[in-house]
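Results of the structural survey
Read off the chains here:
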Amino acid sequence: MNVLGKLAPWILFAILLAVAPFIFTSGTSRTMLSIMALSIIFALSYNMLLGQTGLLSFGHAVYYGLGGFVAIHAMNAVIRNKYAIPLPVIPLVGGAAGLFFGIVFGSVSTRRAGTVFSMISLGLGELVASSALILRTFFGGEEGITTNRSRLAPFFGYKFGPQIEVYYLIACWCFVCILLMYAITRTPFGRMCNAVRENPERAEFVGYSARMVRFIAFSLSGLFAGIAGSLAALNFEIMNTQSIGAVQSGLVLLMTFVGGAASFIGPIIGAVLITYLQVTLSDVTGAWQLYFGLLFIVMVMYSPGGIAVWLALHEPIYRGGQLGRLMPAYAINAIPLIVMIAGGILLIELADWALVKAETEGPETSVFHIPMNSNSFVPWIVAIVLFVGGALALKRTWPLVQDAWGAALARIREQPA
Amino acid sequence: MTALSLQNVTKSFGQMEIIRGVTLDVPQGERHAVIGPNGAGKSTLFNLISGRFPISAGSIRLEDQEISGLRPYEINRRGLSRSFQVTNIFPRLSVYENIRCAVLWSLGYKYSFWRGVNGLADARERSEDIMERIGLAARRRDQAGVLTYAEQRALEIGITIAGGARVILLDEPMAGMSRSETEHAVALVRKVTEGKTLLMVEHDMGVVFGLADRISVLVYGKIIASDTPQRIRENAAVKEAYLGEEAH
């Protein structure tokens, strides 16, 4: 039972990875699933630094991007020379590149933790991103480097032309990488990463070099980021300088933070959610990056532990069978929350239209499929009323949640152990 | 054999000389206390011996090996471990994790990331044993940060001795404790340092005179006397510089 209990989440996850493309069958969703799977690897590799070792990096895309570029050059070399190397092996090349650059840059940046480390990571990120624009032969300038994954040697008859085949390739790598990264957290080294995160000085007085722990964590994190980058390369069949820059580094930070750096599962949740929002929001609104920024600020202010911590808070309530008691309070609070968010979205969309698009496309727009004029006062006033009214109402209804929590916890305490 | 030997150790911060030529030999198995007024340099001396700060001049030898200039982890690996005046634990790790992190290196697991930590029977047994000895076995799952002050002090000692160091430095292990907590802590220190060399800084004179085989008095960065508790109690210079009425 115990062994099965431990394996259950992994089996469930494997099943989920296997059936997902049959639930979401469109081409877009399958592409999105592929991006989610590789983003999970990327975010977890980032969390080896942030959550496990306490290193806040602003330049993690360097290892993702360099892994991707080396992988795409490797693919082109394989195609050119007609080597009998199939596509599934390519992430090993990207991973090796990520590891190599992790070792090189890690030896410089992991001497110190804290702000010094963060600033060096930012500097290295900028250095590599700007070099990428100069070294055109390797990085391909603004156009990037392209490849054709189906021209590599077939792997048991698969040529990885269709998206579904690529998805399964990425999903397999995703599963293996998650398993490996999880296993690392449960080794002597993984535990010392936590110790160094908690108190690097004390770790030195029990025999461990905090710098060496940080360096190994950084190098391994580069390895997995490189694998993620090479999966991106074979998924998109193009790598450009964007994937190496600050935006990509910011995105992985966002995924990890929103999902929750304190738990292993947090970055997985974050990668899935942020990838979903990234793909869908960018189709719906021009201001999608603003929403990302707001989401980040809201999470930092109200739930700094991320979604995972928020879910973990509910675990004892769920175990105590009291989750149902929270639901009425949540339902009541959902109403003003939705009104407030709707008002906020309306404000942002009106502002986006008025400031960006009205000049060329005129003031007539539609938000939530409702036609409106961004020059008229009415939609603006409605937006402000919805937002402020929702916020004020939420302030009034929030004590209901606190009361419900208090009642649920009291009941659990009363239960016999 | 001399477990710890300091020869003419000095330490300056800028123009200010905090430790002014300390010479001290601690034989193996001795319980040696360093006392002195506030600002005498006791904690600085500990920081020098344990490698937290580099010395300005002199020599520090651990079991006849020079250790000055080494990093704290290198000194720890050679068999010297220390505790801190201000509790210095891993606050968000469990009590068990705190102790286990402190035993891993000494058992040879180093930076290994290819074998599971939970399957290491020797690390588990040693950690269990330490938790029993410091009286925290019942709190093994609790986060170290939520323990009471006295429990955190016990954990601090547990982390210090877990690696099996032969020379133990305890920096004010009884600081901030009530009378009953102190009695308990003295018994604990006595028990866990059995057969080891102990160098401790402590302000509680009752503790010092009860526990130490020998006492050194540090005043303004210099050792003015180093002798048995009885003789220290009778030493006129010590009385004048520091002990006063406290020794009675």
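Structure shown above.
Residues numbered from 1 in each chain as written. Chains lettered and ligands numbered in written order. Predicted model: local features only at pLDDT ≥ 70, side-chain atom pairs only at ≥ 80, totals over all residues. Heavy atoms only, no water.

Section: the environment of A:Asn373
Residues and elements named next belong to chain A. Note on placement: asparagine 373 falls in strand E4 (residues 370–373). For asparagine 373, a relative accessible area of 24% gives the class partly exposed. Spatially, the C-alpha atom of asparagine 373 lies 43 Å from that of alanine 261, the residues being 112 residues apart in sequence. Discounting chain neighbours no more than four positions away, the residues touching asparagine 373 are Pro363, Glu364 and Pro379. (Helix = DSSP H or I, 4+ residues; strand = E, 2+ residues; numbered from the N terminus. Buried < 20%, exposed > 50% of the residue type's maximum accessible area, 1.4 Å probe, protein only. Contact = heavy atoms within 4.5 Å.)

Let's talk about the sheet that holds strand E9 (residues 214–219) of chain B
Residues and elements named next belong to chain B. One open sheet holds the six strands; their spatial order is E6-E7-E8-E3-E9-E10, and the pairing between them is mixed. At either end of the open sheet lies a strand with only one pairing partner, and these are strand E6 (80–82) and strand E10 (222–227). Averaged over all pairs of adjacent strands, the angle between their axes in this sheet comes to 15°, without regard to strand direction. Summarising the sheet, E6 and strand E7 (residues 167–171) pair through three bridges and their orientation is parallel. Following the sheet pairing, serine 81 is matched in E7 by isoleucine 168. (Pairing = 2+ DSSP bridges. Axes fitted to C-alpha atoms, helices over the stretch in contact; angles between N-to-C directions.)

Quick look at the interface of chain B and chain A
Contact with chain B, which involves 37 residues of that partner, is made by 25 residues of chain A. In this assembly, chain B packs against chain A so that about 2,700 Å² is buried in total across both faces, 60% of it on carbon and sulfur atoms. It is B:Phe90, B:Tyr111 and B:Phe113 that lose the most area in chain B upon contact with chain A, and together they represent 26% of the buried surface on that side. Inspection of the region where chain B meets chain A yields five salt bridges. (Buried area = accessible area lost by both parts, 1.4 Å probe. Salt bridge = Lys/Arg side-chain N within 4 Å of Asp/Glu carboxyl O.)

Observations concerning the environment of A:Leu277
Relative to the assigned elements, A:Leu277 resides in helix H12 (residues 266–284). Taking the C-alpha atoms as reference points, A:Leu277 and A:Ile90, separated by 187 residues in sequence, lie 29 Å from one another.

Looking at the packing of aromatic side chains
Scanning the entire structure with this criterion turns up 25 aromatic pairs over all chains. Centre to centre, the rings of A:Tyr182 and A:Phe264 are 5.1 Å apart; their planes meet at 75°, and the pair counts as edge-to-face. Remark: A:Phe264 occurs in the loop between helix H11 (246–259) and H12 and A:Tyr182 occurs in helix H7 (residues 163–185); sequence separation between them is 82 residues. Of the residues examined, A:Tyr182 reaches a relative accessible area of 26% and is grouped as partly exposed. Between B:Phe113 and B:Trp114, the ring centres sit 5.1 Å apart and the planes meet at 75°, which makes this aromatic pair edge-to-face. By relative accessible area, B:Trp114 is classed as exposed at 64%. Ring-pair connections join several aromatic residues into one group, and the members of that group are A:Tyr63, A:Phe100, A:Phe101, A:Phe105, A:Phe117 and A:Phe218. Above the face of the B:Phe13 ring, B:Lys11 is positioned so that its terminal group lies 5.0 Å from the ring centre. (Phe/Tyr/Trp six-rings, centres within 6.5 Å; stacked < 30°, edge-to-face > 60°. Lys NZ or Arg CZ within 6 Å of the ring centre and 35° of its normal.)

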